[in-house]
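Residues per chain are reported as follows:
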Amino acid sequence: MTRDLSPSVQRDADGRLRHLITLEGLSADELTALLDLAQFYVREAGDLPARDQSLSGHTIANLFFEPSTRTRVSFELAALRLGADVVNLDMQSSSRVKGETVLDTIYTLQAMHADILVMRDAEPGLPAYVAQFVAPHVCILNAGEAHLSHPTQGLLDALTVRQAKGDFAPLRVLIAGDISHSRVARSAWQAFTTLGVAELRIAAPDDLMPGKGEFAGATRFNDIDRAIAGVDVVMALRIQRERMRGAHMPDDASYHRAFGITAERMKKAHPGAIVMHPGPMNRDVEIASEVADGPQSVIQQQVANGVAVRMAVLATIARNVQSRRTFQ
Ligand code: NCD
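For every chain, the first residue of the written sequence is number 1, and numbering continues from 1 onward in sequence order. The model is predicted, so local features are restricted to residues of pLDDT at least 70 and side-chain atom pairs to those at 80 or more, both for listing and for counting; the totals for chains, interfaces and linings are taken over all residues. Neither water nor hydrogens contribute to the side-chain values; these are computed over all heavy atoms in the structure.

So, about the overall build of the protein chain. In this text, helices come from DSSP runs of H or I with a minimum length of four residues, and strands from runs of E with a minimum of two, each type numbered from the N-terminal end. Each helix and strand in the protein chain was counted, giving eleven helices and nine strands. For the protein chain, the C-alpha radius of gyration of 19 Å lies close to 20 Å, the compact-globule estimate for 328 residues. The dimensions of the protein chain, computed from C-alpha atoms along their principal axes, are 55 × 45 × 35 Å. Burial here depends on accessible area, computed with a 1.4 Å probe over protein chains only, as a share of the maximum for the residue type. Under 20% is buried, over 50% is exposed, and the range in between is partly exposed. Across the 328 residues of the protein chain, 55% fall into the buried class. The contact criterion used throughout is that any non-hydrogen atoms of two residues lie within 4.5 Å. Long-range pairs, those at least 24 residues apart, make up 75% of the contacts in the protein chain between residues at least 6 apart in sequence. Surface exposure here means Shrake-Rupley accessible area, sampled with a 1.4 Å probe, where a residue is shielded only by the protein chains that are shown. Accessible surface, the protein chain as shown: approximately 14000 Å² in total, 52% of it carbon and sulfur. Counting rule for charge: Lys and Arg are taken as positive, Asp and Glu as negative, and neither His nor the chain ends is counted. Here the site of a charge means atom NZ of a Lys, CZ of an Arg, CG of an Asp or CD of a Glu. Positive and negative side-chain charges of the protein chain, numbering 34 and 38 respectively, have mean locations separated by a distance of 0 Å. This radius of gyration counts C-alpha atoms alone. The globule rule is 2.2 Å times how many residues there are, raised to the power 0.38.

Structure representation (structure tokens):
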């Protein structure tokens, strides 16, 4: 399968976002506009959630071929709160397990007037591939592509950092753990690099470090105690055992000792540092429970921001589709 990753894949003829497949190629202004709109949809805990009718008449289909809790539920809530019809395909019982191709599944949904298709899949290149074949009014939103890309996660991570820290320019950001298998790390790197953080560090054991051609501009560490010194943001990542084939991995306790984000290690970060994790967490493996639940943790805020960010992406994409329909 070809993975055409030229930024034009996700844009219409006028350069507007038509699909969201990657954060690659999005400018700082485009990212900021999405974050601003997401912020508009954020509500205090305990208040009623934001609602409008931006997606009235649209039909969203959630196609998750890999497990998901946060991303799938937040896309569903975001769509419902914007007035869309939503269908969630149970991929265990979908026709794909009978051998139907993904494209046939997509054409089936398209024939039923589903016009925003949210996809998660373990196959690299699938969202960009599908995007080439859908009808002009149909949009593909990538909700997690193999180890490569998870654009709405990158946006929600950026929003969470902006809420806590304000300005990106002075920040030292550390992404730590299983970098090589992490689409979260790749999309976060794209967002933070474009938004102009002062320093982006990646820290991983040698076996989990990505190839030299990736993460341009990031400083690499294989020693977590050195990597964490003085940083403003610590992002811990889950070990993606499901993406490892035969790789040698230490047991959980040894990994925690060597690389876990512990309270002791957090003392080396900047005193006002925040701690992030995309979830699902392996408590006391990549992150100590007392850190995940502690005062520096913004993990629940990330979850809350996930809904706001997905509302912003859905509203933006729907507005762009609408203007194509109106002016064609
Ligand atoms: C992540 C994912 O699926 O990429 N989770 C998420 O979307 N919040 C990270 C993970 O599975 O470890």
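Start and end points for every domain follow an automatic or database-based domain assignment. Splitting the protein chain by domain gives domain 1 (3-150 + 304-327) and domain 2 (152-298). The interface of domain 1 with domain 2 comprises 34 residues on the first partner and 26 residues on the second. Buried area is calculated as the accessible area (1.4 Å probe) missing from two parts once they are joined, with the contributions of both summed. For the domain 1 and domain 2 pair, buried surface summed over both sides reaches about 2400 Å², with 57% attributable to carbon and sulfur atoms. Area buried by domain 1 at its contact with domain 2 is led by Leu23, Leu35 and His150, which between them contribute 28% of it. Basic side-chain nitrogens of Lys or Arg form a salt bridge, by our definition, when they fall within 4 Å of a carboxyl oxygen of Asp or Glu. Between the two partners, domain 1 and domain 2, sit three salt bridges. Among the ionic pairs, glutamate 66 bridges to arginine 183, the shortest N-O distance being 2.8 Å. N or O atoms within 3.5 Å of each other form a polar contact, as long as, within protein, one can give a hydrogen and the other can take it, and as long as residues adjacent in sequence are counted only when both atoms are side-chain atoms. Taken together, the links from domain 1 to domain 2 amount to 14 residue pairs in polar contact (both at pLDDT 80 or more). Breaking the side of domain 1 that touches domain 2 down by element, the ones donating at least two residues are α1 (28-41), α2 (70-81), β3 (116-121), β4 (139-145) and α11 (299-327). The element best represented in the side of domain 1 that touches domain 2 is α1, accounting for eight residues. Class assignment of the residues belonging to the side of domain 1 that touches domain 2 gives a composition of 15 nonpolar, eleven polar and eight charged. When residues are sorted by character, Ala, Val, Leu, Ile, Met, Phe, Trp, Tyr, Cys and Pro go into the nonpolar class, Asp, Glu, Lys and Arg into the charged class, and all the rest, Gly among them, into the polar class.

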